[in-house]
Amino acid sequence: MGFENEASSSSYGLDPLPREDTPLLKSRPLSSQSKTFANVFIAIVGAGVLGLPYAFKRTGWVLGSLMLCSVSILTYHCMMLLVYTRRKLDSVTGFSKIGSFGDLGFAVCGSAGRAAVDVMIVLSQAGFCVSYLIFISNTLAYVFNSSSSNPILGLTPKSLYLWGCFPFQLGLNSIPTLTHLAPLSIFADVVDLGAMGVVMAKDVMIFLEQRPNLRAFGGFSVFFYGMGVAVYAFEGIGMVLPLESEAKDKDKFGKVLGLSMAFISLMYGGFGALGYFAFGEETKDIITTNLGQNLVSSLVQIGLCINLFFTFPLMMNPVYEVVERRFCDGSYCIWLRWAVVLAVSLVALMVPNFADFLSLVGSSVCCVLGFALPALFHLIVFKNSLSRKGIAMDVGIMVLGLVFAVSGTYSSLMEIFSPTA
């Protein structure tokens, strides 16, 4: 199948660049169960959690909680499908160099499979970085220019802060090897946890004082919107194969992954519900802006901005790995990187709402990457040994992923381009 001829571009070789399959917590020797748990947590938890209270406002707290639980279970199942598929190929065909999602796509479907995964990885990672810029620019405009939205130097506050970040991002994204920035990403997750703790504590106090009217169900019209946000929040499937490779006890990897997903689900559900409980219909697309203008709130928001700022180049590295492999034979190209950063910044300028964009990325890309492709690869590899029930489940997941992708994308675009967006 020619796997050895192309795998070197993305799975092995001398001093590879960090990419979507590079765990941030590197371990030599193999990872213990606790280290694997931490790696899964770092791979999944990100800025998407900040949009969950707004999603609960749209969907209702009961429907939102059910969506998070359902997406968590389905994401876990599809992650394990990738693990089972690689193990099958390793045992039957001897593909011992399958180190990433893209490598698995090539092993199963050839160049078309790798191309499909590459496109989804580029769109999802770039989408994450667009959401980072939206969060940073909107938050800084709220913290420092909330009393006035008058243009500064002919630019709105959001545009001013976004373009102010632009030259610094060009510098950070020009660094060929970003492994030494990985601790900053880990630090970002620690700050995220601290910020979530502060926000949840304030949510409880505000809820006990105000007790706003709440909706349990928001109606079918917002179902796909909420699914998009939930899928975005749990996106991390590109990390599962390298994490399983680094696990010391691979027989217990599924259990550790399941426990980590359950913990993240409870944390997400609590954060989303408490944010909505505190502010009701006044819940904003970025929940930290609901906390008002005070020192603690400002420090939390600025801290999140700083951490997302430094996480940006790490999240863009899988994009650079793909585009440089496709257009520059794998060679480092600073102009191509700068062009990608410019494109991401321009998209961020055109999207007004943080949570709406989370839903769009989750629906349009993450549903295909996280659900449809793992089920397809599993079905192709196990087609001769699956029962009718197994085949029906794989086909069902593929259809479900595509339906969510089409319907959720339409719903999100309607929200983004609606007059009230």
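Along each chain, residue indices are assigned from 1 in the same order as the chain's sequence is written. Per-residue local features of the predicted model are confined to residues with pLDDT of at least 70, and side-chain atom pairs are confined, for both listing and counting, to 80 or more; whole-chain, interface and lining totals are unaffected and use all residues. Hydrogens are left out, water is left out, and the side-chain values use all remaining heavy atoms of the structure.

A few words now on helix 13 (residues 334-350). When the terminal C-alpha atoms of helix 13 are compared, their 25 Å separation across 17 residues agrees well with the 24 Å that a helix rising 1.5 Å per residue should span. Three exposure classes are used, based on accessible area relative to the maximum for each residue type with a 1.4 Å probe and protein chains only: buried under 20%, partly exposed in between, and exposed over 50%. Helix numbering and strand numbering both begin at the N terminus, where a helix is a DSSP run of H or I of at least 4 residues and a strand a DSSP run of E of at least 2. Looking at helix 13, one finds that the buried residues are Arg-337, Val-340, Val-341, Val-344, Ser-345 and Ala-348. Seen from one end, helix 13 has its buried residues packed into an arc of 135 degrees, which puts them on one side. The outward face of helix 13, more than 90 degrees from its buried face, is lined by the exposed residues Trp-335 and Met-350. Should any heavy atoms of two residues lie within 4.5 Å, those residues are considered in contact. Residues of helix 13 that are buried make contact with helix 6 (111-145), helix 7 (157-172) and helix 12 (295-327). The span one expects for a helix is its residue count, reduced by one, times 1.5 Å. The directions considered for the arc are those from the helix axis to the C-beta atoms.

Okay, the environment of Lys-284 next. The residue Lys-284 is located in the loop between helix 11 (253-279) and helix 12 in this model. The class for Lys-284 is partly exposed, based on a relative accessible area of 36%. Setting aside residues up to four positions removed in sequence, Lys-284 forms contacts with Tyr-54, Tyr-142, Thr-289 and Asn-290.

Turning next to the environment of Val-351. As for its placement among the helices and strands, Val-351 is situated in the loop between helix 13 and helix 14 (354-382). C-alpha separation for the pair Val-351 and Ile-134, spaced 217 residues apart in sequence, amounts to 7.5 Å.

Let us look at the packing of helix 2 (residues 33-44) against helix 11. Axis definition: a line fitted to C-alpha atoms, over the contacting stretch in the case of helices. Angles run 0 to 180 degrees between N-to-C directions. Relative orientation of the contacting elements helix 2 and helix 11 amounts to 45 degrees, with a least axis distance of 9 Å. Between helix 2 and helix 11, the crossing angle belongs to the class labelled oblique. The handedness of the crossing between helix 2 and helix 11 is right-handed. Here Gln-33, Thr-36, Phe-37, Val-40, Phe-41 and Ile-44 of helix 2 lie close against helix 11, whose contacting residues are Phe-253, Val-256, Leu-257, Leu-259, Ser-260, Met-261, Phe-263, Ile-264, Met-267 and Tyr-268. Charged means Asp, Glu, Lys or Arg here, nonpolar means Ala, Val, Leu, Ile, Met, Phe, Trp, Tyr, Cys or Pro, and polar covers whatever is left, Gly included. Classifying every residue of the contact of helix 2 with helix 11 gives 13 nonpolar, three polar and no charged. Here is the rule for angles: anything less than 35 degrees is roughly parallel, anything more than 145 is roughly antiparallel, 65 through 115 is roughly perpendicular, and the remaining ranges are oblique. Less than a right angle of anticlockwise turn of the near helix away from the far helix marks a crossing as left-handed, whereas a clockwise turn marks it as right-handed.

Ranked by internal contacts, the top residues of the largest apolar core, which has 124 residues, are Val-240, Tyr-268 and Val-344. Looking at this core, the element that brings in the most residues is helix 14, giving 19 residues. What we call a nonpolar core is a set of buried Ala, Val, Leu, Ile, Met, Phe, Trp, Tyr and Cys residues that are connected through their side-chain atoms within 4.5 Å.

What characterises a pair of aromatic rings is the spacing of the ring centres plus the angle enclosed by the ring planes. Here the aromatic set is Phe, Tyr and Trp, taking the six-membered ring for Trp, and pairing holds for ring centres within 6.5 Å; pairs whose planes are under 30 degrees apart are stacked, those over 60 apart are edge-to-face, and all others are tilted. Considering all chains together, one arrives at 13 aromatic pairs under this definition. When the centroid spacing of 6.4 Å and the interplanar angle of 40 degrees are considered together, the rings of Phe-144 and Tyr-161 count as tilted. Within this pair, whereas Phe-144 is found in helix 6, its partner Tyr-161 is found in helix 7, the two being separated by 17 residues in sequence. Considering the side-chain rings of Phe-224 and Phe-404, the 6.0 Å spacing of their centres and the 65 degrees angle between planes classify their relative orientation as edge-to-face.

A separate point is the side chain of Gln-301. Locating Gln-301 in the fold gives a position in helix 12. Take Gln-301: its relative accessible area is 1%, and that puts it in the buried class. The contacts of Gln-301, once residues within four sequence positions are left out, are Thr-139, Tyr-142, Val-143, Thr-288, Thr-289 and Gly-292.

By salt bridge we mean one thing: a side-chain nitrogen of Lys or Arg within 4 Å of a carboxyl oxygen of Asp or Glu. The full count for this structure, using the stated rule, is eight salt bridges. Among the ionic pairs, Glu-244 bridges to Arg-87, the shortest N-O distance being 2.9 Å. With Glu-244 in helix 10 (residues 240-246) and Arg-87 in helix 4 (residues 61-92), this residue pair connects regions lying 157 residues apart in the sequence. Accessibility expressed as a relative area gives 4% for Glu-244, which makes it buried. By sharing partners, the salt bridges in this structure join Asp-118, Glu-321, Arg-325 and Arg-326 into a single network.

Between helix 9 (residues 223-233) and helix 15 (residues 388-417), the shortest axis-to-axis distance is 8 Å and the interhelical angle comes to 105 degrees. Looking at the two axes, helix 9 sits roughly perpendicular to helix 15. Where helix 9 abuts helix 15, its residues Phe-223, Phe-224, Tyr-225 and Met-227 lie against Val-403, Phe-404, Ser-407, Gly-408, Ser-411 and Glu-415. Within the contact of helix 9 with helix 15, the residues separate by chemical class into six nonpolar, three polar and one charged.

Known as pLDDT, the predictor's per-residue confidence is scaled from 0 to 100. Of the residues in the chain, 86% reach a pLDDT of 70 or more, and the chain-wide mean stands at 80. A low-confidence stretch, residues 1-28 (pLDDT under 50), is modelled with 78 contacts involving residues beyond four sequence positions or located in other chains.

The next point concerns the environment of Gly-228. Among the structural elements, Gly-228 can be located in helix 9. Excluding residues within four positions of it along the chain, Gly-228 makes contact with Leu-358, Ser-359, Gly-362 and Ser-363.

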